Every structure is written in C-alpha cells, then in structure tokens.
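Report on the structure
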Amino acid sequence: MTELINGIRGWHFDQETLSEASREGRMLTMDFELGAACPLRCVYCYRTDDHRDYEKGLLDFDQWKQVVDDARDLGVESMKLIGGGEITEEPNFMEAMEYIAKRGIAIVLFTSGRILGDEDICQRLCGMSCAALAKWMCDLGMSIFLKVDSFAPDLQDRLVGKAGYAKARDRAFTVLLEHDFNKCNPTRLGLEVNVSRHNLHEIMDIYALRAKHNIYEDVVISMPCDAYYRNRDYDISLEEKRELYRKVYSFNLQNGIPFDRPSPFIGGLDCTQLGNGLYVTNRGDVYHCPGSFDVLGNVKTKPLPEIWKVFAETTVRYQSSYFCPFREVAKIIPSELVEEMTRDICRSTRSPA
C-alpha cells in the first residue's frame, strides 16, 4: 500500500529534489499574483491596507507571461497562484492558467471558489457551467485550495464580508469532489483555513476531512501583515496555539498521517519557500514570501533571473524544512513555542505505541 503523502500535488518537494535544486542553483517554486480585484473583504487578508495594497501599476499580461517564462527557465516546477485579488474572476484567467500549464509548470490555485459555485457568475465570466470549469481545471492538472474558515454560513460570510459566499463555496466544494480532485496521492484538493478566535472551536472538525476524504488542509495562523496588527483580537492566545498544535499532531499520529516536525502549516507539509522560491506580486515587486516586506527588486526594471541570481548567491539555501521566521520574529508563533512543540511532538513520534 502506498504511503499517504502529507501535502498537495504541486506543493510537495522531497529531500532529494530540494538538495539537487540547491546544488544546481535552481529555483523550484514561485508564489505569483494575477490582477487585483476581489469581491471579498476578508478580515485577515494579507493585502488589506498594507503598502502593497493598491491597483496602480499592475503588470500587463505580456509582462506577466514574461515572468512565467523566466521562472520556467530558472527551473520552477510549480506556481502557487495566491492573489492579489480573486484570480478566477480575472478576464484572462483561463488563458493565464493554460500559459503556465503549457510550460510544464504545476499550478496550485488559491481561490474563494465563488466562480465554481455560482452558475450565473461562471457562465458570465467563463462561458461555461461550474461542472465544465471544474473539468477544465482537472484536465489542466491544477490543484485547488478552497477558502474554508467555517462551515457555519453566517460565520463564514462575516469573516469574508460577503453575504451568500458560504453557499457558493459549499457548492464549489461539492463540484470539486465530484470531479475527483481528492482521488490521487498527493491529493489535488486543499482547504485554506485561517485560524482565529472566531473559528477555533471548528478547526479540528475541518481538519478531520484530511483522514476521511483525502483533503489537504492548509491550517495557518495569520501572517504579520497590517491586517493582523489592526485586528489583534482576531488572533488566538499562546496557550490556544499550543493546544491546537497538540491536537492536530495527535490526530496525525492516530490516523497515520506522516510528518517530520511541527510546521507553520499546522499538521501539514514543511515550508520550503525560503531559498527555494520567490514571491512576485501583481505589480512586479519580488519578495522572499508573502510574509516578508523586504523588496528584492521589481521585474519591470530587472528581469527575474537577475533578481534570483543575486538572491541565490547571498541567501542560505534551505535543503531541509524550517519554521516561519516571519511569524517567529513578529511573535505570532514565538520561537519558544516552536522549540517546545518540536521537542514534545517529535518525542511523541518516538514513543512506543
């Protein structure tokens, strides 16, 4: 029997791949944005009111495609499409996804899923049914992360600032299941789950879908963006974070879900972004990742390969996993908690059954 891979297709690199890319100076992955418009107003959005959050000066589509080509030439194997708005509702969404796929790059799409759960919107923007769009995504080899903060409609709608969102999202979830996005290993269906005091009581019920239906959950505590600092009452306490880590990793042990050590993606795959990838915004600014505010350059004035060359020569290439330095520095997940959880959880994996 094949061992379950604790990850999602297109966002999982084994140790051999990481080491080989490091030796060869290759870039493995890239977080990328397309467009800026979004119908939601999520209280935790990493873009909200920080200094990246405006729509002027966006990359035009030719510039956007050049970044894709440069990334492919650098060795990029996967792209995580994370924003800056709702990518599936951009006019050139389908053309953009096909452009990436034709260059042999795996696509991991983060989406609200609204377009997959509302027939009127899907017909208006894509000229097809929700089921047909899901099939197109499946045939293109895409992996999908769907926004799921809660399965309670009122709470979910409140967290994203959009009445009726949860109903469309639930329909999208069903459509993706009907098209077998969860029928492979690693799965191609994930849930993006932002932990807060509002939904903490529901996290383990959502996480249980991993064992029941082969769905990967990206369970995260907020990045250190402006929205986090303006909504500190949104965050959970240190003790609640400690207890959540223990519950999730106990669940993994009980259900045969493999892991090496605690991750910033609670219970999930190790973070391999730093030293192995970059984050390019919809305006062309290049960062380490969405948690960083140190601009490394802009692809409008310096090609991505030049930015990567300087970055790769001056940055420690992480050949194994690590925690999230940006969350640690901001004390969102303090270093002492990381050390404690690493010690306790790793000890439990060595304990006799």
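These notes cover the structure that comes with them.

Cut-offs used in this document
Residues numbered from 1 in each chain as written. Predicted model: local features only at pLDDT ≥ 70, side-chain atom pairs only at ≥ 80, totals over all residues. Heavy atoms only, no water. Helix = DSSP H or I, 4+ residues; strand = E, 2+ residues; numbered from the N terminus. Rg over C-alpha atoms; globule rule 2.2 N^0.38 Å. Buried < 20%, exposed > 50% of the residue type's maximum accessible area, 1.4 Å probe, protein only. Contact = heavy atoms within 4.5 Å. Areas by Shrake-Rupley, 256 points an atom, 1.4 Å probe, with all protein chains shown as cover. Lys, Arg positive; Asp, Glu negative; His and termini not counted. Charge placed at Lys NZ, Arg CZ, Asp CG, Glu CD. Salt bridge = Lys/Arg side-chain N within 4 Å of Asp/Glu carboxyl O. Axes fitted to C-alpha atoms, helices over the stretch in contact; angles between N-to-C directions. Parallel < 35°, antiparallel > 145°, perpendicular 65-115°, else oblique. Nonpolar A, V, L, I, M, F, W, Y, C, P; charged D, E, K, R; others polar. Pairing = 2+ DSSP bridges.

Our next topic: the overall build of the protein chain. The helix and strand inventory of the protein chain stands at 15 helices and 9 strands. Taking 353 residues into account, the globule formula puts the C-alpha radius of gyration at 20 Å, and the protein chain, at 19 Å, falls close to it. Once the C-alpha set of the protein chain is aligned to its principal axes, its extents read approximately 55 × 50 × 45 Å. Looking at the protein chain as a whole, 59% of its 353 residues qualify as buried. Relative to all contacts within the protein chain whose residues are 6 or more apart in sequence, the contacts with residues 24 or more apart total 74%. Accessible surface, the protein chain: about 14,900 Å² in total, of which carbon and sulfur atoms supply 49%. Each charge class in the protein chain was averaged separately, 43 positive and 54 negative side chains, and the resulting centres sit 1 Å apart.

A few words on the pattern of salt bridges. Tallied over the entire structure, the rule returns 19 salt bridges. Across the salt bridge formed by Asp-73 and Arg-72, the nearest N and O atoms sit 3.2 Å from each other. Overall, Arg-72 belongs to the partly exposed group, its relative accessible area being 34%. Linked by salt bridges that have partners in common, Glu-239, Arg-242, Arg-246, Glu-340, Arg-343 and Asp-344 make up one network.

Between helix H7 (residues 153-160) and helix H8 (residues 165-178), the least distance of the axes is 8 Å, while the angle of their chain directions is 105°. Considering their axes alone, H7 and H8 lie roughly perpendicular with respect to each other. Contacts from Pro-153, Gln-156, Asp-157 and Val-160 of H7 reach H8 at Tyr-165, Ala-166 and Arg-169. Residues that form the contact of H7 with H8 fall into these classes: 4 nonpolar, 1 polar and 2 charged.

In this section: the pairing of strand S6 (residues 216-220). Of all 5 residues that make up S6, 5 are buried, and the element is covered over most of its length. Burial of S6 is two-sided: the residues Tyr-216, Asp-218 and Val-220 facing one way and the residues Glu-217 and Val-219 facing the other way are all buried. Relative to S6, strand S5 (residues 189-194) runs parallel, the two sharing 5 bridges. By the bridge assignment, Leu-191 is partnered in S6 with Glu-217.

Moving on: the pairing of strand S7 (residues 277-280). Because side chains alternate across S7, one face comprises the buried residues Gly-277 and Tyr-279, and the other comprises Leu-278 and Val-280, equally buried. The sheet contact formed by strand S1 (residues 29-34) and S7 spans 4 bridges and is parallel. Among the inter-strand pairings, Phe-32 is bridged to a residue of S7, identified as Val-280. Across 2 bridges, S7 lies against strand S8 (residues 285-287) in antiparallel orientation. Along S8, the bridge assignment pairs Val-280 with Val-286. Here S7 folds back onto S8, and the loop between the two strands holds 4 residues, one of which, Gly-284, carries a positive phi near 95°.

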